[in-house]
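What the coordinates show
As a plain string of letters, each chain reads:
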Amino acid sequence: MSGTVNTSVEMANLALAHLKEAPIRDFDFSSVASRWMRNHYAAHRDAYQAMHDWDFATELVNLPADVEKPPFRWQYRYRRPDKALRLPQQTIGGRPDGAIVPYEVVGQWIMTDQPPPFALRYIKRVEREAEFSPLFVHGFGLFLASGCAHVITGKNSRAEALRQAATEAFDQAGVADAMQGTPLPMVELDIVTDR
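A brief report on the enclosed structure follows. All of these numbers come straight from a predicted model, not from anything done at the bench. (Residues numbered from 1 in each chain as written. Predicted model: local features only at pLDDT ≥ 70, side-chain atom pairs only at ≥ 80, totals over all residues. Heavy atoms only, no water.)

**What to know about the packing of helix α2 (residues 32-50) against helix α3 (residues 134-153)**
The geometry of α2 relative to α3 is characterised by a closest axis approach of 10 Å and an angle of 135° between their N-to-C directions. Classified by the angle their axes make, α2 and α3 are oblique. When the axes of α2 and α3 are compared, the crossing they make is right-handed. Facing α2, whose interface residues are Val-32, Ala-33, Trp-36, Met-37, Tyr-41, His-44, Arg-45, Tyr-48 and Gln-49, α3 presents Phe-136, Gly-139, Phe-140, Phe-143, Leu-144, Gly-147, Cys-148, Val-151 and Ile-152. Its residues assigned to classes, the contact of α2 with α3 shows 13 nonpolar, four polar and one charged. (Axes fitted to C-alpha atoms, helices over the stretch in contact; angles between N-to-C directions. Helix = DSSP H or I, 4+ residues; strand = E, 2+ residues; numbered from the N terminus. Parallel < 35°, antiparallel > 145°, perpendicular 65-115°, else oblique. Left-handed = near helix turned anticlockwise from the far one by under 90°. Contact = heavy atoms within 4.5 Å. Nonpolar A, V, L, I, M, F, W, Y, C, P; charged D, E, K, R; others polar.)

Rendered as structure tokens:
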């Protein structure tokens, strides 16, 4: 599924188009824009992917327990997947209607009382732009443009307008993306149920 870009440079040029700036050919040192993208593109991509449970970035795995048990509090520990950007709420068996699984992330380990295998749903780092969804591409282009706007254009007002547009695009994409599949149950907080 392609969101209309195939490379990081194409994605960067989409962001630069929002700034009405000339496109770049590479992440080199030939311009302020290319230097900024060279230094900040990957961090902005990872941050934007981690903000939402994007379908294209969601991964499902069954993790084996580590042979060493946690020193206290939890019964099992599992190695966090290498490309995991964020671990959203987990449920027993990964089922949408399953009970919520309490867990804690400590360094590169996931601590829990859930016995193996641990059905884990996580948001992974996707580095191939051709895998980005169209809604992600649209929102990320604005997010990236808002990040580099002041450095490239020197205009605070343009940066602020792009931040607002990026926020609106993110909200719209999140709503549309959430309408696919069965939603996870809402978490009932004790403060609400105790009233």
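Further notes follow.
**What about the packing of helix α1 (residues 8-18) against α2?**
The geometry of α1 relative to α2 is characterised by a closest axis approach of 11 Å and an angle of 120° between their N-to-C directions. The angle between α1 and α2 falls in the class oblique. In this structure, α1 meets α2 at a crossing whose hand is right-handed. In contact with Ser-8, Met-11, Ala-12, Ala-15 and Leu-16 of α1, α2 contributes Ala-33, Met-37 and Tyr-41.

**Here we look at the pattern of salt bridges**
Proximity of charged atoms lets side chains of opposite charge pair with each other. Per the counting criterion, the structure on display carries 12 salt bridges. Where Asp-53 meets Arg-86, a salt bridge forms, and the shortest distance between an N and an O atom there is 2.2 Å. Here the residue Asp-53 occupies a position in the loop between α2 and β1 (58-63), and Arg-86 occupies one in strand β3 (residues 84-86), the gap between them amounting to 33 residues. Given the relative accessible area of 24%, Asp-53 is considered partly exposed. Take Arg-86: its relative accessible area is 24%, and that puts it in the partly exposed class. Linking Arg-77 and Asp-66 is a salt bridge whose minimum nitrogen-to-oxygen distance equals 2.9 Å. On the criterion of sequence distance, the pair formed by Arg-77 in strand β2 (residues 76-79) and Asp-66 in the loop between β1 and β2 is long-range, its members being 11 residues apart. When its relative accessible area of 26% is taken as the criterion, Asp-66 is described as partly exposed. Overlapping salt bridges bring together Arg-45, Asp-46 and Arg-125 as one network. (Salt bridge = Lys/Arg side-chain N within 4 Å of Asp/Glu carboxyl O. Buried < 20%, exposed > 50% of the residue type's maximum accessible area, 1.4 Å probe, protein only.)

**Points about unusual backbone geometry**
Cis geometry marks the peptide bond from Pro-116 to Pro-117, where omega comes out at -10°. Its location among the elements puts Pro-117 in the loop between β5 (109-112) and β6 (118-124). Even without a glycine there, the phi angle at Lys-20 is positive, about 60°. Mapped onto the elements of the fold, Lys-20 is located in the loop between α1 and α2. Within the chain, Arg-73 stands out as a residue other than glycine whose phi angle is a positive 75°. On the secondary structure map, Arg-73 appears in the loop between β1 and β2.

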